[in-house]
Amino acid sequence: MHLAYPAVLSALLFCTGLYGVLARRNAILVLMSVELMLNAVNLNLVAFDVWLSKTARDTLHSGQALTLFTIAIAAAEIGIGLAIVLAVYRNRGTSDIDRLRDTAEGHQSGTPTDGTAGEKAEATA
Amino acid sequence: MSPLAQAPHGFLSPTGVEIAFLLVGLVTFGAALVTVTTRQLVHAALWLVVALGGLAVEYLLLTAEFIAWVQVLIYVGSVVVLLLFGLMLTKAPIGRSPDADSGNRWAALAVAVAAAAALVWVVVDAFRTTWIDLGGAAAGSTKVTGASLFQNWVLPFEALSVLLLAALVGAIVLSRKAKADPSPPPVNGRAVTQSSPPVTDSGIYPIEQEGAR
């Protein structure tokens, strides 16, 4: 198989995930796009591992081992990420990342009371 | 038989595996595009299942069987279920939500298209004359992967188990509800009742979000 096929598919999937991370507003949709980017990297790792194991007689299989590690780390990441999103949702009532601008510089928040209440709630939680 | 195995390949004579890879790749890419552009949040999670399952089929076509089944188990089995739970727990609106995309959508599209053009150009230019030899024994059968994992990668594997334990504990601590002790309720209770909508009006919630903006 031509090596360009998996490489190009991986690049396209990565850029799709990049668009999703930049353009989505819901935090959970951003997490889905991050998963797409991680899967693009996994496809690259598997394709190059198969190529190297046949042409260079590589027996270390580093690509597949790293793919398994990436899958496990992605599972941990999605668990922690969803826990953080749920904590933010409980404190602020929204998972809209465009409205979580408390640390933005030079930007007056539209609802300052909401922000301070959320901060206090976070501090006491 | 040369070790690089370049001689018998023609550039425009795709084999059956290549055609299958191309078709499944088109399905995967289309599902990924729908995932990042649809306005229905639950449909995005379900199209993500199609994209991840297509990637599992691609792993099978690349003879990496163990990775393919791990992909099905972990991603399709647990990650998507976790994402659906997250969507339900944050009371994501069922149906079309008008504000699924941010205001900087066009800048994001420009960045993504530029990155895709650059990456595809570089990758095609670099690996134009490289072929994967898929004949012979499978490169990623369970035996081969297990042997390499437990001969060469034991220490990272064990470290990974510690990381998973830490992630488990961290997720439990983060998602645990704060104790309902009556001593400091004013700030906490007021903030919660102000900012989180009641359970019953999940249909009203996006409308009042629109009104607030």
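Participant: Before we move on, could you go through the overall build of chain B and cite the residues and values that matter?
Facilitator: Across its full length, chain B holds eight helices and zero strands. Going from N to C terminus, chain B has its helices and strands arranged as α-α-α-α-α-α-α-α. The buried share of chain B, reckoned over its 213 residues, is 32%. In chain B, of all internal contacts separated by at least 6 residues, the share reaching a separation of at least 24 is 72%. With the model as given, the accessible surface of chain B reaches about 12400 Å², and the carbon-plus-sulfur share is 73%.

Participant: Could you give an account of the interface of chain B and chain A, with specific residues and numbers?
Facilitator: For an interface, size is often stated in terms of accessible area lost upon the parts coming together. Every contact between the two is made by 99 residues of chain B and, on the other side, 81 residues of chain A. Where chain B abuts chain A, roughly 8000 Å² becomes buried across the two surfaces, and 73% of that area is made up of carbon and sulfur atoms. Viewed at the interface, chain A and chain B are joined by one salt bridge. The shortest N-O distance in the salt bridge between B:Asp101 and A:Arg24 comes to 3.1 Å.

Participant: Go over the packing of helix 2 (residues 27–55) of chain A against helix 2 (residues 41–61) of chain B with me, naming the residues and quoting the values.
Facilitator: For any two helices packed against each other, the geometry comes down to the angle between their axes and how far apart the axes lie. Between helix 2 of chain A and helix 2 of chain B, whose axes approach to 11 Å, the crossing angle comes to 5°. Between helix 2 of chain A and helix 2 of chain B, the angle is such that the two are roughly parallel. Where helix 2 of chain A approaches helix 2 of chain B, its residues A:Leu29, A:Met32, A:Leu36, A:Asn39, A:Asn42, A:Leu43 and A:Val46 are matched on the opposing element by B:Leu41, B:Ala44, B:Ala45, B:Leu48, B:Ala51, B:Leu52, B:Leu55, B:Glu58 and B:Tyr59. Considered class by class, the residues forming the contact of helix 2 of chain A with helix 2 of chain B number 13 nonpolar, two polar and one charged.

Participant: A description of the nonpolar core should follow, citing residues and the corresponding values.
Facilitator: In this structure, A:Met32, B:Leu62 and B:Leu83 are the most contacted members of the largest nonpolar core, which totals 63 residues. At the level of secondary structure, the elements contributing two or more residues to this core comprise helix 1 (4–23), helix 2 and helix 3 (62–92) of chain A together with helix 1 (16–37), helix 2, helix 3 (65–89) and helix 4 (105–126) of chain B. It is helix 2 of chain A that contributes the most residues to this core, 12 residues altogether. When residues of this core are assigned to domains, at least three fall in each of domain 1 (14–97) and domain 2 (141–177) of chain B. Setting aside residues no more than four positions away along its own chain, A:Met32 makes contact with B:Thr35, B:Leu41, B:Ala44, B:Ala45, B:Leu48, B:Leu83 and B:Leu87.

Participant: Report on the confidence of the model for chain A, specifying residues and quantitative values.
Facilitator: Residue and element names in this part refer to chain A. Per-residue confidence for chain A averages 84 on the pLDDT scale, and 85% of its residues sit at or above 70. No element of chain A has a lower mean pLDDT than helix 4 (residues 112–124), at 47, and none a higher one than helix 1, at 95. Across residues 112–125 the pLDDT falls below 50, and counting only partners more than four positions away or on other chains, this stretch makes 15 contacts in the model.

Participant: Tell me what's going on with the confidence of the model for chain B, and back it up with residues and numbers.
Facilitator: All names here are of chain B. Per-residue confidence for chain B gives a mean pLDDT of 81; residues scoring 70 or more make up 77%. No element of chain B has a lower mean pLDDT than helix 8 (residues 205–212), which averages 44, and none a higher one than helix 4, which averages 95. In this model residues 1–7 is a low-confidence stretch, pLDDT under 50, and it forms four contacts with partners more than four residues away in sequence or in other chains. Under a pLDDT of 50 for its full length, residues 188–213 has, in the predicted model, 36 contacts with residues more than four places off or in other chains.

Participant: Help me get a handle on a nonpolar patch on the surface, residues and values and all.
Facilitator: All names here are of chain B. On the surface, a nonpolar cluster with roughly 470 Å² of combined accessible area is contributed by Leu-165, Leu-168, Val-169, Ile-172 and Val-173. The topology assignment puts Val-173 in helix 6 (residues 154–175). Val-173 sits in the partly exposed class, given a relative accessible area of 49%.

Participant: Tell me about helix 3 of chain B, residues and numbers included.
Facilitator: The end-to-end C-alpha separation of helix 3 of chain B is 35 Å, in line with the 36 Å expected for 25 residues at 1.5 Å each. The largest bend in helix 3 of chain B amounts to roughly 25° and is located at B:Tyr75. Buried within helix 3 of chain B we find B:Ile67, B:Ala68, B:Val70, B:Gln71, B:Tyr75, B:Val79, B:Val80, B:Leu83, B:Gly86 and B:Leu87. The secondary structure elements touched by the buried residues of helix 3 of chain B are helix 2 and helix 3 of chain A together with helix 2 of chain B. At the C-terminal side of helix 3 of chain B, B:Lys91 shows a positive phi close to 55°.

Participant: A description of the packing of aromatic side chains should follow, citing residues and the corresponding values.
Facilitator: For any two aromatic rings, the description comes down to two numbers: the centre-to-centre distance and the angle of the planes. Evaluation of the coordinates by the stated rule reveals five aromatic pairs over all chains. Taking 6.2 Å as the distance between ring centres and 80° as the angle between the ring planes, the aromatic pair formed by A:Trp51 and B:Phe127 counts as edge-to-face. You can see A:Trp51 sitting in helix 2 and its partner B:Phe127 sitting in the loop between helix 4 and helix 5 (142–152), one on each of two chains. Taken together, the aromatic side chains of A:Phe48, A:Trp51 and B:Phe127 make up a single cluster linked through ring pairs.

Participant: Lay out the environment of B:Ala112 in plain terms, naming residues and giving numbers.
Facilitator: Tracing the sequence through the fold places B:Ala112 in helix 4. Looking at B:Ala112, the relative accessible area reads 6%, which means it is buried. Each C-alpha atom of the pair B:Ala112 and B:Phe29 lies 14 Å from the other, and the pair is 83 residues apart in sequence. B:Ala112 has contacts with A:Cys15, A:Leu18 and A:Tyr19, leaving out every residue within four places of it along the chain.

Participant: Residues and numbers for the pattern of salt bridges, please.
Facilitator: Evaluation of the coordinates by the stated rule reveals six salt bridges over all chains. For the salt bridge of A:Arg92 with A:Asp102, the shortest nitrogen-to-oxygen distance reads 2.9 Å. Taken together, the residues A:Arg92 in helix 3 and A:Asp102 in the loop between helix 3 and helix 4 connect sequence positions 10 residues apart. A cluster of three or more residues bridged by salt bridges with shared partners is formed by A:Arg24, B:Asp101 and B:Arg105.

The rules we used
Residues numbered from 1 in each chain as written. Chains lettered and ligands numbered in written order. Predicted model: local features only at pLDDT ≥ 70, side-chain atom pairs only at ≥ 80, totals over all residues. Heavy atoms only, no water. Helix = DSSP H or I, 4+ residues; strand = E, 2+ residues; numbered from the N terminus. Buried < 20%, exposed > 50% of the residue type's maximum accessible area, 1.4 Å probe, protein only. Contact = heavy atoms within 4.5 Å. Areas by Shrake-Rupley, 256 points an atom, 1.4 Å probe, with all protein chains shown as cover. Buried area = accessible area lost by both parts, 1.4 Å probe. Salt bridge = Lys/Arg side-chain N within 4 Å of Asp/Glu carboxyl O. Axes fitted to C-alpha atoms, helices over the stretch in contact; angles between N-to-C directions. Parallel < 35°, antiparallel > 145°, perpendicular 65-115°, else oblique. Nonpolar A, V, L, I, M, F, W, Y, C, P; charged D, E, K, R; others polar. Core = buried A, V, L, I, M, F, W, Y, C linked by side-chain atoms within 4.5 Å. Domains from an automatic or database assignment. pLDDT = per-residue confidence, 0-100. Patch = residues over 30% accessible without salt bridge, like charges linked within 9 Å, V, L, I, M, F, W, Y side chains within 5 Å. Expected span 1.5 Å × (residues − 1). Bend = angle between axes of the 7 residues up to and from the residue. Phe/Tyr/Trp six-rings, centres within 6.5 Å; stacked < 30°, edge-to-face > 60°.

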